[in-house]
Every structure is written in structure tokens, then in C-alpha cells.
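Residue strings, one per chain:
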Amino acid sequence: MNGVVVEYEKQITIVKLNNPGRANALSRFVVEDLAKQVNTLAQDQSLRAVVFASGESRAFCAGADLKERQAMNEEQIVAFVGLLRDTLDAIARLPVPTIAAVNGLALGGGCELALACDIRVMEEDAVIGLTEVSWGIIPGAGGTQRLSQLVGAGKAKELIFTARKLLASEAEQIGLVEQVCPAGQAFSHALQLAEEIARQAPVAVRLAKAAVQSYDAALLQNGLEAEWRYYQQTIPTADRLEGLAAFQEKRSPVYQGK
């Protein structure tokens, strides 16, 4: 099965995650396919905008596939999360505007995918958040840095440290998402926005995106590199293993700080 389904409408590309049985969790086949498709998009000079959506799933992306993660050793985890990190960085670097159509859940890596996009459209009953510390790890694919850029360091710390999940109204209030729409309409609203962008002068739009992203670009890169170093330090901890065990046993984790 393909990890993503790619559709084209005029000069807009629609990338739909395709793991509905796992709430679009970032299983290995999803991330590997997403990486390939993003590399192809980066070479497409005719492209005007990209929409990332949930496809058949009721969730945009529930984050890491913890069941799959349990079967990985430490080296495999680092390699896999490294691929996810590189893929989300590649999405952020796409030369055209990108829009996340968020429905259902956007948690952990799913939130990081939304953060890597330029604009987020979220359904009013959807939930978003960086929940990694509740599983004994930290956001490792850009979440600490991109969330801080959007909502400020203090609010980002509050949300990351508590693993708190936000409804759309609060996410919009703090600047985490740009538009909130009725349930069931995230994709149509995102597509409408993409069409509005596609009608503008394409060279000007690309240059405008490049200009905006040049602001504090070096600071962001330094932060992303630091985040990756700190993420890797969580991998050998007993707390991370306790988080996975608690998930498997369907109980609350008991962390020892080891």
C-alpha cells in the first residue's frame, strides 16, 4: 500500500496520508513514501501550492506508530526519526506555499507535519498538540523550534512541557493555526485557499515565501540541530521504554527520571 496518495487539481498538488487503519500514524511506509513524493514536488516548476490532507482517515495524523516503534532497536529509531525530520524539513523548504488541512487528530509527529506547512486550516472539533513528553521523548522533527516561532517561547514551553492537546479555538487564539472551519470542511477550505494562492503571480509568491523564511533562518537551523541532539539523548532512557510499555499495557506511565 502506498503511504501517501497524490492527486492533482490544476496547478495544485494534494498529498493525502494513506494509513487509515492506524489514524494516519507515521508508520515506516508512510514516511518513506512521503519523503519520495516531497522530493518530486521540490523539482516541479509548474507547481503553485500543496495541500496536505488526511485522505480516508478521520485523523490528519495521530503521530508515531507506537506499536511499530516497540519493535525497533535504538539505531533503527534514530534512523527512522532522522528520516522523518529530514522529510519535514524538506516540506518546510518547498518553494511554494503549503497548507495543512487538519481534521480529527494532529498529535506528536502529526502536529510537527502541520507545523512544517506554511498555513494550517483546522476543523473546529479537531485536536492538536506536541504530546511527546508523555511518552518519555521530546519532539524530534522540528516541533520545538517551529512551535516556538508561531506562538512564542513561553507558550511553546507550556504546551510541550505539559503535552497538552488544544482544540481549534485555542489553537487559533494563540496563533498555532490560521483558519478554523466547521467539522468536515478542512480539506475544502484548504483547497479553496490553495486556489486563491494559485491565481497570484507564481514567481512573486515563491519569492515572497523565500523572503519570509529568510527571517531568522540561521537561528532556526541552529535550533533544529540542537533539538535533534537532545532528542537522541531520550532514546536510551528507561523512561522512554516505560512510555512504550504503558502504551502496550493501556495504563498510565510511571516515570523514574532515568
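The coordinates are above.
Bear in mind that the values here come from a model prediction, so they are computed numbers and not experimental data.

### Focus on the sheet that holds strand β7 (residues 127-129)
For step 1, the next point in the chain: The three strands are arranged β5-β7-β8 in an open sheet whose pairing can be described as mixed. Edge positions in the open sheet fall to β5 (105-107) and β8 (166-167), since each of these has one partner strand only.
For step 2, the next point in the chain: Across two bridges, β7 lies against β8 in antiparallel orientation. Note that in β8 the partner of Ile 128 across the bridge is Leu 166.

### Quick word on the packing of helix α5 (residues 143-151) against helix α6 (residues 153-162)
For step 1, the next point in the chain: Remark: α5 packs on α6, axes separated minimally by 7 Å, with the N-to-C direction vectors making an angle of 130 degrees. With respect to α6, the element α5 is oriented oblique. Here α5 runs over α6; the crossing is right-handed. Packed against α5, whose contacting residues are Thr 144, Leu 147, Ser 148 and Val 151, the element α6 presents Ala 153, Lys 155, Ala 156, Leu 159 and Ile 160 at the interface.
For step 2, the next point in the chain: For the contact of α5 with α6, the per-class residue count stands at six nonpolar, two polar and one charged.

Rules behind the numbers
Residues numbered from 1 in each chain as written. Predicted model: local features only at pLDDT ≥ 70, side-chain atom pairs only at ≥ 80, totals over all residues. Heavy atoms only, no water. Pairing = 2+ DSSP bridges. Helix = DSSP H or I, 4+ residues; strand = E, 2+ residues; numbered from the N terminus. Axes fitted to C-alpha atoms, helices over the stretch in contact; angles between N-to-C directions. Parallel < 35°, antiparallel > 145°, perpendicular 65-115°, else oblique. Left-handed = near helix turned anticlockwise from the far one by under 90°. Contact = heavy atoms within 4.5 Å. Nonpolar A, V, L, I, M, F, W, Y, C, P; charged D, E, K, R; others polar.

Worth remembering: the numbers are spatial, not functional.
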